Amino acid sequence: MRCSKNTITVIATGFILAIGTTAAMAEKTTVRGKVIFKGNAAKFKRTKLDTSKDPKCKMSKKSIGTYDVILNKKTDPITIRNVLVSIKSGLADRVFPTPNTPVTLTQYGCEYDPHVFGIMEGQELKILNGDETNHNIHFLPKNNDQYNFSQPKKDLEKGKTITLDAEAPFRVKCDVHPWMGCHIGVFKHPFYDVTDKLGKFEISGMGAGSYTLELWHETFGTMTADFTVAKGQTTDLDIEFEVK
Amino acid sequence: MRFTKMLCILAVLAWASFHLLAPPVQAQGSAAPDTSGVKIDGEYGPFLPTDISEHGYKIDRVIDIVHVFMAVLFVGWGAFFVYCLVRFRQKPGHQADPHEVKAKVSKWSEIGVAVFEAVLLIGFSMPLWAEVRAEIPADDDPNALHVKVLGEQFAWNFRYAGPDGIFGRSAAKFVKDGTNPMGLDRSDPHGDDDIVSGEFHIPTGKPIVVQLTSKDVIHSFSVPVLRIKQDTIPGMRIPISFTAKKSGVGTYEVACAQLCGNNHYSMRALMYVQSQNDFDAWLIEAGKPPEEFDEDDLD
Ligand SMILES: [Cu+2]
Ligand SMILES: [Cu+2]
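Residues numbered from 1 in each chain as written. Chains lettered and ligands numbered in written order. Predicted model: local features only at pLDDT ≥ 70, side-chain atom pairs only at ≥ 80, totals over all residues. Heavy atoms only, no water.

Engineer: Whenever I open this one, the coordination of the copper ion (ligand 2) confuses me. Can you help?
Structural biologist: The textbook angles at a metal center are 109.5 degrees for a tetrahedron of four donors and 90 or 180 degrees for an octahedron of six. Residue and element names in this part refer to chain B. Around the copper ion (ligand 2), the protein contributes the donor atoms H219 (ND1), C256 (SG), C260 (SG) and M267 (SD), which lie 2.1 to 2.4 Å from the metal centre. The coordination sphere of the copper ion (ligand 2) comprises four donor atoms, whose angles at the metal cover 91 to 124 degrees; the geometry is tetrahedral. Mapped onto the sequence, the residues coordinating the copper ion (ligand 2) show the spacing H-x36-C-x3-C-x6-M. The exposure class assigned to C260 is buried, which follows from its relative accessible area of 7%. (Donors = N, O, S within 2.8 Å, 3.2 Å for Na, K, Ca; no water. Tetrahedral: all angles 85-135°; square planar, octahedral: opposite > 155°, others 65-115°. Buried < 20%, exposed > 50% of the residue type's maximum accessible area, 1.4 Å probe, protein only.)

Right, here's the structure in full:
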């Protein structure tokens, strides 16, 4: 009973979505820009992490760095990496299809790659272990299941695949290597991006309209920014993130 | 129904005997398995592992005496048991006698065992315990090296006082995974030179005092080559003390000996037993502020 009902819903939403996306694609709306650091940058230094607890970590990567704040100090203005930028409001009740491609989270050199990422509700998350050591991945969400399992062997093929429900960014940690942590934001829509090495983000396909962006950073917290985008246009949006 | 039950029991027995009789895997080689990518020193065969502590021989002596004593008891009682089975088996013309036997031999052997056990406890174990556990150098004893050890799921953290010899303040609110696992307050003048490491470094020939505590559940700080094993309990500070022999220089393992969660088995740390000079050099190296990390430099 339940199964058939679900199938109908899936087909129905799929149909609506197909129309929705084609329309959005045609409009080619984009918002892009960078997240600018506003504050005292000297306070935030990225240093090497002490991984001496497990010498096997160094077999994959010689050294890894702290990740709580990563600033790009090489350009002016200074930008912030690993800010999860997503559309918070303005999408009304539109429903979007779940991508068939999985998101991959790799444990390599005893750190997570990517360190911060977004994923759509129901989209597959594939978790791999690229190290010659044991990792125990431990999810710390509020709504989702508290996944907590070991990946004792190097496994870059099959890994473990799970799906998640929509939830604000939450922490995932490794119980074997206390320094290992990453953050996942789960969305009901595909309009999110994480700022890269240069602090840049780009989100497209949301359609013309007025929206509110939410910026989330693991140490600095959240802020919002509004933007408007016209049909077939690109809105450039550099956002200042004020840090006390 | 009964038949299947029997079959099940037989299967379990067969499985158990197979596993009990099969030679243990560790017995094949005497060296510890190379599990961490680092060569571990010491002998780990079917007998007691290498002992590098100054008090260890006393513990080994008690273990040896207990084992010999148990062997004597086991063989003696076992032989007597077999003798009784044969000698007093059911035979035609014999009647069971339910009255106890009043023999002097059995009485005196019982008393002998009790006396021997009392000697073991009062003569060997208690003085050893008093020496190892009660005679701990004071917190401000300059001749001893003080190390704070914090267990957490599933790692060991080691903290040294640094050049000033005084530990700075620490609190749970400062704890940060990765960068500050022991919650040091870096604004405290005594704390800014404190050293926190995932490796346990100790010099030989110097009394070491380890203050044990835990961040989450009960762990057990176990260093077989030092003949040290002590539970770490959240909210408690438990001191233990030992001295490594001058000949004990090498790399060994610290283990957790208390089942503490699903990755209990990977809760280990490397222990580097060094000469005083090497240890001092390490302290200076470890005391340097962490290097700046730039991933562009790596590739
Ligand atoms: Cu790990
Ligand atoms: Cu433990």
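The structure having been displayed, the exposition proceeds.
Engineer: I keep staring at the pairing of strand β7 (residues 116-120) of chain A and nothing clicks. Help me out?
Structural biologist: Within a regular strand, side chains alternate between the sheet's two faces. Residues and elements named next belong to chain A. Across the five residues that make up β7, a large majority, five, are buried. Residues V116, G118 and M120 of β7 are buried on one face, and the alternating residues F117 and I119, pointing to the opposite face, are buried as well. Sheet topology note: the β7/strand β13 (residues 181-187) ladder contains five bridges and is parallel. Each residue of the ladder has a partner; that of F117, found in β13, is I184. (Helix = DSSP H or I, 4+ residues; strand = E, 2+ residues; numbered from the N terminus. Pairing = 2+ DSSP bridges.)

Engineer: Is there a simple way to think about the state of the cysteines in this case?
Structural biologist: Working definition of a disulfide: a covalent bond connecting the sulfur atoms of two cysteines. Residues and elements named next belong to chain A. The final tally for this structure, using the stated rule, is one disulfide over all chains. Residue pairing for C57: its cysteine sulfur links by disulfide to C110, the two sulfurs lying 2.1 Å apart. Across the S-S bond linking C57 and C110, the dihedral sits near -75 degrees, which makes this disulfide left-handed. A residue pair is termed long-range when its members are at least 10 positions apart, and C57 in helix α2 (residues 57-60) and C110 in the loop between β5 (103-108) and β6 (111-113) qualify at 53 residues. The class for C57 is buried, based on a relative accessible area of 1%. Judged by its relative accessible area of 0%, C110 falls in the buried class. (Disulfide = S-S within 2.5 Å.)

Engineer: I would appreciate a short explanation of the layout of surface pockets in the present structure.
Structural biologist: To find leftover empty space, a probe the size of one water molecule is rolled over the atoms. If you add up the space inside the largest pocket, you get close to 1,600 Å³. The wall of the largest pocket is formed by 50 residues, among which T47, K48 and D50 of chain A together with T179 and P290 of chain B lie closest to the centre. Of all the secondary-structure elements, those providing two or more residues to the lining of the largest pocket are α2 of chain A together with β2 (155-160), β3 (195-197) and α4 (276-287) of chain B. For the lining of the largest pocket, the per-class residue count stands at 17 nonpolar, 14 polar and 19 charged. (1 Å grid on protein atoms, 1.4 Å probe; cavity = no way out; pocket = protein on both sides within 12 Å on 5 of 7 lines; lining within 4 Å. Points joined across faces, edges and corners; volume = space filled by probe spheres on them. Nonpolar A, V, L, I, M, F, W, Y, C, P; charged D, E, K, R; others polar.)

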